[in-house]
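# Observations on the model geometry
As a plain string of letters, each chain reads:
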Amino acid sequence: MSSTAEKRVVVMALLGTVVVFLLDIPTIEVSSSRILPLIIGSATLVLLVVQAIAEFRAPLTEQSTGTDRAVRRISNVTRESGVWLWLILTVACIYLLSFVVTVPVSIIAISRLYFRRSWRESLLLALFIWVVMMLVFGLWLEMPLGRGILLNSHLDLASMRNGLDSRCPAAISKVGVWDKAIARSFQVKCNRTL
Amino acid sequence: MLEAAGTALASIFTGQHFAMMMLGVITGLVLGIIPGLGGYVGVALLLPIVLYMDPTSALVTILAMHAVVTTGGSVTAVLFGVPGTGQNVATVFDGFPLNQQGKGALATGAAISASALGGLIGAVVLFALIPVVRPLVMAFGTGEFFLMVMLGIACVVVMATETPVKGFIMAGLGFLVSLIGQDVATGAPRFVFGLNYLWDGLKLNPVVLGQVAISEMVLMAAAGGTIATAGSGKVRLAQRELFEGFLAVLRHWMLLIKSSIIGVVVGIIPGLGGEAATLIAYGAAKQGSRESEKFGTGAIEGVIAPEAANNSKEGGVLLPTLAFGVAGSGVMAILLGVFIIFGITPGKQMLTDYLPLTMSMAWTVALANVFGAAIMFMIASYLVPLTRLPVAILMPVITILIMIGSYSTYYSVSDLVTTLVFAAFGCYAWKKCGYPIAPFILAFILGEEAERNFRVAIATHGPLFFLRPISLVLLILLVLLLAYPILRRGRKVSRSSAGAKEGGMSV
């Protein structure tokens, strides 16, 4: 469980979130669409204020903790920050360069730099995940894993197999597995009927 | 009816039907294990195949797949803290702590067994209720549905959380988040903050996987070591512990039946969904337990209850789908589409002309659960030792799988951003500061549907819609439930003061 200071930060963050929601309510154009958000938002705000008062009345636990514990806490925060940084960079890279390129690079990065594993282990792990991803999600489930804003990878197995890219890349990229299957199924049904 | 049931059973065990049921079971288990993929992807994969078959084979395949998806998901929920589907969230609460204590095989065995037995109970109830369900479903109008949702959320807050204020805060936040996007009634955008992505609202996968799974990965990576810190991790010992898990379920047979009934009842009410069934069953199990303080830290009852409800609800969901053509869930809506493709109209016809087909579906739910559990028992003993692998290997693998799972719904990188935002929320609000996650998830899932029903109820019956007989009963139950924490607190205070007078320990 966290310290009182962390609890205070969290309750204030939640309070801030609800305030942002409430401030947005007047911008909703239709009055009937505002009723429930207003009721729920106001009730949540009241409860959060009650909780915030309780958190701020509680004594600060960190003041009584020793140096060792403080050092441990700082080290933990640093380690958590490292993971968050990796997650954010991974998502940014997926956006720019696609899953196909990002996944191996990202795995090697966290394995080598964060967990301090050997090059051999890191490369093997990256290769394993990449192969699983391409076979299960790329080939079997036909997900468009090779699409990034900067780099459209030629390793998009779904597109390669179906040849869908050349026909309508923009539309196909927005169509889910489900939609594609439905479309295909109805086409099959139509063909059978005809 | 018995004759039809016998004919249907014999039909299931013919070559093609049995093979297709096993195909459905294996597909369901695999998709359940992969985080974020669930029944929808399964239907998408199977639909192109089943349309070439006869109606019984087609429906058996889809139903078998759907019946066991959550059984697969329960294993990853226990062993890695990653719910395979949204319906396995409640299993994480106690299953994962049990695994960390070295009792992963026990918890997995209990989860699989509870799933299978819950599924069987659901199928039995389906058989029994087919002729009598009509008045029950028809009695529920929009106002009743809205109050039922409120009752469900209040149940989870009051029963499953130690601090009701925090529980209601999370329920309120979940409700607000569920309202993001275009209003279903008027089309007016709400809480979109100028972002096109938010116009369609937030999806379940990114929100749940972020809150529950990614947040766990962050803490796991920061802590290092291995997931399971105790236990041997050997395959043979795991097999024995899996069997002990099965015995634990039999020991808690009352809980199994109670949770299964909750699952069936929630399943019958269209729109409430599997997540609600599991969370309500979890709350009820905690409330009914003598050791409720153990919940959240590794109570086996906390694994049995949601898993039993999870699979038993399939029997309940099938009832309104077959009897009235009212789909109780998204996959059931697709099943209705399959009915129509084959020229079958759900309704009274399903209980007369197509009774053998209806019975085949009930048998499929029962048998798929049994075969699914048997397969998972065989696989799980080999998965348990994986929890002894260093976090340095597991964390990147699982995190990437979760990210692909989040991305899989709409192939949108924005969903990955949502996952990270909710991961931070889950990590700090839930795991570090004790704000319960269950009310948030339940309110998030049911919020939109509750609002729709609330507005229709007001439009059709006026603002006093809650004065209708069933609504009034639900409202009284809601008020009693809300008053319960105050009464409980009062009782605790009076007990502690009595204890102090007698010189004993305060409760």
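Up top you'll find the structure we're talking about.
Residues numbered from 1 in each chain as written. Chains lettered and ligands numbered in written order. Predicted model: local features only at pLDDT ≥ 70, side-chain atom pairs only at ≥ 80, totals over all residues. Heavy atoms only, no water.

## Digging into the overall build of chain A
Filter applied, for reference: Helix and strand assignments follow DSSP, with helices taken as H or I runs no shorter than four residues and strands as E runs no shorter than two, numbered in order from the N terminus. Accessibility here uses a 1.4 Å probe with only protein chains present; expressed as a share of the type maximum, an area under 20% marks a residue as buried, one over 50% as exposed, and anything in between as partly exposed. The contact rule is simple, with two residues in contact once any of their heavy atoms fall within 4.5 Å. The accessible surface values rely on the Shrake-Rupley method and a 1.4 Å probe; as for residues, cover is taken only from the protein chains in view.
Across its full length, chain A carries seven helices and zero strands. Moving toward the C terminus, one meets the helices and strands of chain A in the order α-α-α-α-α-α-α. Counting across all 194 residues of chain A, residues that qualify as buried make up 39%. Taking as baseline every contact in chain A between residues at least 6 positions apart, the subset at least 24 positions apart corresponds to 53%. Total accessible area computed for chain A in this model is approximately 11,100 Å², and 68% of it derives from carbon and sulfur atoms.

## Some details on the packing of helix α8 (residues 164–178) of chain B against helix α18 (residues 438–461) of chain B
All names here are of chain B. What counts, and what does not: Throughout, an axis means a line fitted to C-alpha atoms (over the contacting stretch in the case of helices), and angles, computed between N-to-C directions, take values from 0 to 180 degrees. Roughly parallel here means an angle under 35 degrees, roughly antiparallel means over 145, roughly perpendicular means 65 to 115, and every remaining angle is called oblique. Rotating anticlockwise by less than a right angle from the far helix to the near helix defines a left-handed crossing, while the corresponding clockwise rotation defines a right-handed one. For this classification, Asp, Glu, Lys and Arg are treated as charged, while Ala, Val, Leu, Ile, Met, Phe, Trp, Tyr, Cys and Pro are nonpolar and the rest, including Gly, are polar.
Following both chains from N to C, one finds α8 and α18 inclined at 40 degrees, their axes separated by 7 Å at the closest point. As far as their axial angle goes, α18 and α8 are oblique. Crossing of α8 over α18 shows right-handed handedness. Contacts between α8 and α18 involve Gly167, Met170, Ala171, Leu173, Gly174, Phe175, Val177 and Ser178 from the first element and Pro439, Phe440, Ala443, Phe444, Gly447, Glu448 and Ala450 from the second. Here the residues of the contact of α8 with α18 sort into 10 nonpolar, four polar and one charged.

## Here's the deal with the interface of chain A and chain B
What counts is decided by this rule: Here, a salt bridge means any Lys or Arg side-chain nitrogen found within 4 Å of an Asp or Glu carboxyl oxygen. Residues adjacent in sequence count toward polar contacts only when both atoms are side-chain atoms; beyond that, a polar contact is any pair of N or O atoms within 3.5 Å, and within protein one must be able to donate a hydrogen and the other to accept it.
Opposite the 67 residues of chain A that make contact, chain B presents 70 residues. Put simply, chain A and chain B have one salt bridge between them. Across the pair A:Glu80 and B:Lys432 runs a salt bridge, and its minimum N-O distance is 2.8 Å. At the junction of chain A and chain B, the tally comes to 12 residue pairs in polar contact (both at pLDDT 80 or more). Among the elements of the structure, α1 (4–24), α2 (35–57), α3 (67–114), α4 (119–140) and α7 (177–193) of chain A are those that each provide at least two residues to the side of chain A that touches chain B. When residues in the side of chain A that touches chain B are grouped by element, the largest group, 17 residues, is from α3(A).

## Focus: the packing of aromatic side chains
Residue and element names in this part refer to chain B. Rule in force here: Between rings of Phe, Tyr and Trp, where Trp is taken as its six-membered ring, a pair exists when centres lie within 6.5 Å; planes separated by under 30 degrees are stacked, by over 60 edge-to-face, and by other angles tilted. Charge over a ring is defined by NZ of Lys or CZ of Arg lying within 6 Å of the ring centre and within 35 degrees of the ring normal.
Here the structure, examined in full by the defined rule, presents 20 aromatic pairs over all chains. Consider the rings of Phe146 and Phe465, whose centres lie 6.2 Å apart with planes at 70 degrees: the pair is edge-to-face. Residue Phe146 is located in helix α7 (residues 142–160), and its partner Phe465 is located in the loop between α18 and α19 (469–501); the two are separated by 319 residues in the primary sequence. Judged on exposure class, the residue Phe146 and its partner Phe465 are both buried. Here the guanidinium or amino end of Lys166 rests over the ring plane of Tyr435, the centre of that ring lying 4.9 Å away. One residue, Lys203, lies across the ring of Tyr410, its end atom 4.9 Å from the ring centre.

## As for a nonpolar patch on the surface
Residue and element names in this part refer to chain B. Our working definition: Exposure above 30% relative accessible area and the lack of any salt bridge qualify a residue for a patch; like charges then connect within 9 Å, and the nonpolar side chains Val, Leu, Ile, Met, Phe, Trp and Tyr within 5 Å.
On the surface, a cluster of nonpolar side chains totalling about 640 Å² of accessible area is made up of Leu464, Leu467, Leu472, Val473, Ile476, Leu477 and Leu480. Its location among the elements puts Leu472 in helix α19. On the basis of relative accessibility, which here comes to 32%, the residue Leu472 falls in the partly exposed class.

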